[in-house]
Amino acid sequence: MSSLPRPFDTSRIPRVDAVGIDERAGALAKRSIKKTAKIAGIKLAISMLDLTTLEGKDSEGKVRQLCQKAIRPLPGDPSVPHVAAVCVYPNLVATAKESLAGSGVKVASVASGFPAGLVPLAAKLDDTRLAVESGADEIDMVIDRGAFLSGDYGKVASDILSIKDACGDAHLKVILETGELETYDNVRKASRLAMTYGADFIKTSTGKITPAATPGVVLVMLEAIRDFYFETGRRIGMKPAGGIKTSKQALHLLVLVKETLGDAWLTPDLFRIGASTVTNDLLMQLAKEASGRYQSEDYFTKD
Amino acid sequence: MASVKEEREARAEAVRHIEREKPALEFGSAWEYSPAPESRDHVRLEERYGLFIGGKFVAPKSKKYFETINPATEEKLADVAEAGAADVDAAVRAAEDAYRKRWSKLKPADRGKYIYRIARILQEKSRELAVIETMDGGKPIKESRDVDIPLVVAHFFYHAGWADKLEYAFPRHAVSPIGVCGQIIPWNFPLLMAAWKIAPAIACGNTVVLKPAETTPLTAMALAKVCEEADLPPGVVNIVPGAGETGAAIVNHPRVKKIAFTGSTEVGKIIQRATAGTGKRLTLELGGKAANIIFEDAPIDQAVEGIINGIYFNQGHVCCAGSRLLVQESIADAVLQKLSDRIATLRMGDPLDKNTDVGAINSKMQLDKIRELVAVGVEEGAELHQSACAIPSKGFWFPPSFFTGVAQSHRIAREEIFGPVLTVMTFRTPDEAVEKANNIPYGLSAGVWTDKGSKIFQITSKMRAGVVWANTFNKFDPSSPFGGYKESGFGREGGVHGLRAYVELS
C-alpha cells in the first residue's frame, strides 16, 4: 500500500510456544483470590466493564435500560462503581450518549463494518465518523482478517491508520478476532501490527466467534503490549471480550494483568473487560462475600 | 492519514518520551492478594514417630530421637526415631524374611494389587500429604499439591501396572527379583523420592529398607502408615529415619543386595567406594549444574518462564535445576530485563499460602551453604541481582537471585548451589553453547530453547546430560527415565530403564 511509509517488519516479533503460554496462563488461574482481595477485585472488574449489547434487535429502549445498569450496577449500594463504558452499534450511540450524560460512563461504538470488516475502506470510515459525530468516546474497529491471513499486512495497517485518523479524539480499540487468527504467533503479530499503526487498545474478539478471550490469547497480547511499551514507552490498553461470563474468569484476567504488566495497567484507562452477562455474576459474588450466602438471581436486575 | 513528516515528529516525540521516562513495570500494591493459607486442621501429626520395621512402628534400639522442624517457622513438628546399626540390622532382617517367605513367592498380579492399593490410598490422602510435605520441607503448597503428590501417586500406579508384565519389559529373558534393597533419599522431594525408590523395587518383587533424610522424615512416616493401611505384608517396606551414620549402616550391611542413592556427589563417591568389590548393585543419582540454553530464535517469554521454573522451582533445591543460564548475546539484554521483572512478581513467604511461589530453604545448614557460595560469587566479581521481596523474620529464607557477568571459571558457575541462585552466561554460536554446556563434571539435565525444530535435534543430541528438555523444563513422568552422565551418577529411574536396576535377568 502506497500510504505506508515502510513495510511492516515481522522479523523481530518473538515466537510464541503454545504449550508454554497455556501453562503460564493456567498457573495464574490457580491464584487464590479470597476475602478483601476478592471484593476489591470484583469492584475493580466492574469499573473496567465495557457493558455491551450488539444484537440485531437492539433498540433505543434496550440501550437506555442498559445505560441505567451501567451507571448504577447495584442499586442501593454506592460502593459499587459505575462501569467504564457502554458498547453499542453506531446507530445507538446518540441514545447511549444522552442516557449516560454526566455519569462518567463512556460510550464505545463498534465501527468499520463490524463484525467481519469486509466492507470498503470508505464505508469503514463513514461508519467510524458517524459514531464519533454521534458522540462516541471510543471506537472498537475490526481488522480485515482475510488480508492479515493472506499476508497483506499493508492493507491491515493502512485501515488502522485511516480509521485512527477518522477517530479524531476518540480512543481506538483494535479488535483482532483471535478466534479466526487461530495461532498464538498470529495473535502476537497482529497485536504488534495494531499497536504500531495507531491502536490505543488491542481487543481480542467481536464476541461473534468462538474461541474468543481465552487466557492464553489474553496473555500473548499482554506480553506483546509489554514489549511495545519497552520499545516505545507507550502504554497500550488491553480489552478481552467474548465468553467472559463468571467472576472467576474476570478475576483471572486481573491476575494476568497484575502479574504481566503490573500496577500501571490495573485501571479502566488501560484495561477493559468486554462482556454483557458477567456483571450480575460479579454482583452476586459481591453479595455473597457480604452475607456469606448466595442470593437469588431475582435480586439482580436483568436489563 | 499521517504524513511522513508527522510520523517523523511522532517518532521523535516517542524518543523524547523514553528519555524522560525510562519504561519500567511496577509490581506493587495496586491490588494485593489476601493471605490464602491452606488449612492444616485435617493434618494429625504424632508427637513421636518410631521406626517402621516388619510392619510395625517400633522404638529404636539406639534409644535416640531427633527433632524435625518446620523450616518456615522453626517450630518443632515431631520427634522421630533415629535408626542405629542394630535397628538397620533388624530392618534388613525383616525385609529379608518378607522377601523369602512372602513377597518373592506372591503371584506378580497380586503384588500389583497391593501397589495399586497403596496408590489409591495415597491419592485419597493427597491433601493431607501435601500439607505435611510443605510443613516439614518448606516447599510451597502449590508445588506439593500440584507436582509432588500427583507424581507420587502416578509413580505407584505406573509401577503397579508393571508388576505382572516384567517379561514384556525384558523380552527373551527370565526375570527375577534381587532381594533386599537399601535406599537412601534426599530432602528436596521427600515423598516423591520415596515413591521413585519403593514403587519399582517392590513391583519387581524386592523388599526395601528406606532411609528418608533427617530434615524431612514425616511424609515417609505417613507412607509407612499407608503401607500398614494397605495391608502390605510386614517387612516388604521398612523405613528407618536417620542421618549419615544410618545411611552408612544400610550401605555396609552384608545382606543388602542393592543400594539406590539420591543425594550429593560427595556422598555418592563414598558409597561407591564402600560398595566396590562387595557384589552389591548400585545406582546413584547425584548433583547437577544444568545448562539452560536460550537461542535468539526461542519463544522468549516462554523461555523466561522456563528459566524461572528451572531455577526457582522448589527454591532451587532440585538436582536437575537449570542453574546455568546460557543466553545468546543478541538477546541477552532483553532476556535479563524480562527475568528481572519476572522475579519481582515471585511471591516468597508462608509455604502453606496457596499463592506462594517460593518457599523456605529446607534447613539452616543449606541456607548457610547458599549464603557462602553467593558471597564467593560476589567476591569473584559477578554482579548479584535479587528480588526485593520481604523476608520473614523467622525461618530460613533466601530471595530469588541471579548473577550476571559470570565466567565459566567462577566457582558459582561450577559448583552446585542447590538454592534459588542462577548464574547467567552468554554465548555467540551454537557450538560455543554446546561446549560451555558440556564443560562441567556434572551431566544430569539440560534445557534447549528454540522455535526451530531441526535445531532442537541438532543441539540435544550433543548434550552430555541424562535428561534434555526442549522448550520446557523440569517435566517429570513415571514412564520417562531419569538419571545422569558423568559425576551426576549412573542408572536410571522411571520407565522400563528404571526397572532394570531392580531385576535379575537370565
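Remember, it's a predicted structure, so these values are computed and weren't measured experimentally.

Procedures and definitions
Residues numbered from 1 in each chain as written. Chains lettered and ligands numbered in written order. Predicted model: local features only at pLDDT ≥ 70, side-chain atom pairs only at ≥ 80, totals over all residues. Helix = DSSP H or I, 4+ residues; strand = E, 2+ residues; numbered from the N terminus. Buried ≥ 20, exposed ≤ 12 C-beta atoms within 10 Å, placed from the backbone. Rg over C-alpha atoms; globule rule 2.2 N^0.38 Å. Contact = placed C-beta atoms within 7 Å. Core = buried A, V, L, I, M, F, W, Y, C linked by C-beta atoms within 7 Å. Pairing = 2+ DSSP bridges. Nonpolar A, V, L, I, M, F, W, Y, C, P; charged D, E, K, R; others polar. Axes fitted to C-alpha atoms, helices over the stretch in contact; angles between N-to-C directions. pLDDT = per-residue confidence, 0-100.

Draft legend 1. Broad picture of the overall build of chain A. If you tally the helices and strands in chain A, you get 12 helices and eight strands. Structurally, chain A occupies a C-alpha span of about 60 × 45 × 30 Å along its principal axes. Here chain A holds 303 residues, and 53% of them are scored as buried.

Draft legend 2. How the structure looks around the overall build of chain B. Secondary structure summary: chain B contains 17 helices and 20 strands in total. The C-alpha radius of gyration computed for chain B amounts to 24 Å, which stays within 12% of the reference 23 Å derived for 506 residues, consistent with globular compactness. For chain B, the spread of C-alpha atoms along the three principal axes comes to 90 × 50 × 45 Å. Relative to its 506 residues, chain B shows a buried fraction of 54%. For chain B, restricting intrachain contacts to residue pairs at least 6 apart in sequence, the fraction spanning at least 24 positions comes to 72%.

Draft legend 3. View of the nonpolar core. Judged by nonpolar contacts, the single largest core of 99 residues is most densely connected at A:Ala45, A:Val86, A:Val174, A:Ala194, A:Ile202 and A:Met221. The leading source of residues in this core is helix 10 (residues 215–232) of chain A, at nine residues. The contacts of A:Val174, once residues within four sequence positions are left out, are A:Met141, A:Ile143, A:Ile160, A:Ala194, A:Ala199, A:Ile202 and A:Lys203. Judged by nonpolar contacts, the second largest core, of 88 residues, contains B:Leu122, B:Phe189, B:Ala203 and B:Leu282.

Draft legend 4. Seen up close, the pairing of strand 18 (residues 467–470) of chain B. Two elements, strand 17 (residues 445–449) of chain B and strand 18 of chain B, share four bridges in a ladder whose sense is parallel. Each bridged residue has a counterpart across the sheet, and for B:Ser445 the counterpart in strand 18 of chain B is B:Val467.

Draft legend 5. Broad picture of the interface of chain B and chain A. In this complex, chain B contributes 32 residues to the contact, which on the side of chain A involves 38 residues. Put simply, the parts of the chain that give the side of chain B that touches chain A at least two residues each are helix 1 (4–20) and helix 11 (300–312) of chain B. Counting residues per element, the side of chain B that touches chain A draws most heavily on helix 1 of chain B, which supplies five residues. Looking at the side of chain B that touches chain A residue by residue, the class counts come to 14 nonpolar, nine polar and nine charged.

Draft legend 6. Main features of the sheet that holds strand 7 (residues 237–239) of chain A. Residues and elements named next belong to chain A. As summarised here, the arrangement of the eight strands in space is 7-6-5-4-3-2-1-8, forming an open sheet in which the pairing is parallel. The sheet is open, and its two edges are formed by strand 7 and strand 8 (273–275), each paired on a single side. Ignoring which end each strand starts from, the neighbouring axes of this sheet average 25° apart. Pairing of strand 6 (residues 201–203) with strand 7 involves three bridges; the strand directions are parallel. Bridge pairing links Lys203 to Lys239 in strand 7.

Draft legend 7. Local environment of the environment of B:Lys61. Residues and elements named next belong to chain B. Looking at where Lys61 falls in the secondary structure, it is placed in the loop between strand 3 (56–58) and strand 4 (65–69). For the pair Lys61 and Ala174, spaced 113 residues apart in the sequence, the C-alpha separation amounts to 40 Å. Excluding residues that lie within four positions of it along the chain, Lys61 makes contacts with Gly84, Ala86 and Asp87.

Draft legend 8. Quick peek at the confidence of the model for chain B. Overall, the predicted model of chain B reaches an average pLDDT of 96, with 97% of residues at or above 70. Scored by ipTM, the complex comes to 0.94, with pTM at 0.95.

Draft legend 9. View of the sheet that holds strand 5 (residues 76–81) of chain B. All names here are of chain B. Strand order in the open sheet formed by three strands is 1-5-4, with mixed pairing between adjacent strands. Taken across any chain shown, the strands that pair with only one partner, and hence form the sheet edges, are strand 1 (48–49) and strand 4. Across five bridges, the pairing between strand 4 and strand 5 is antiparallel. Note that in strand 5 the partner of Ile69 across the bridge is Lys76.

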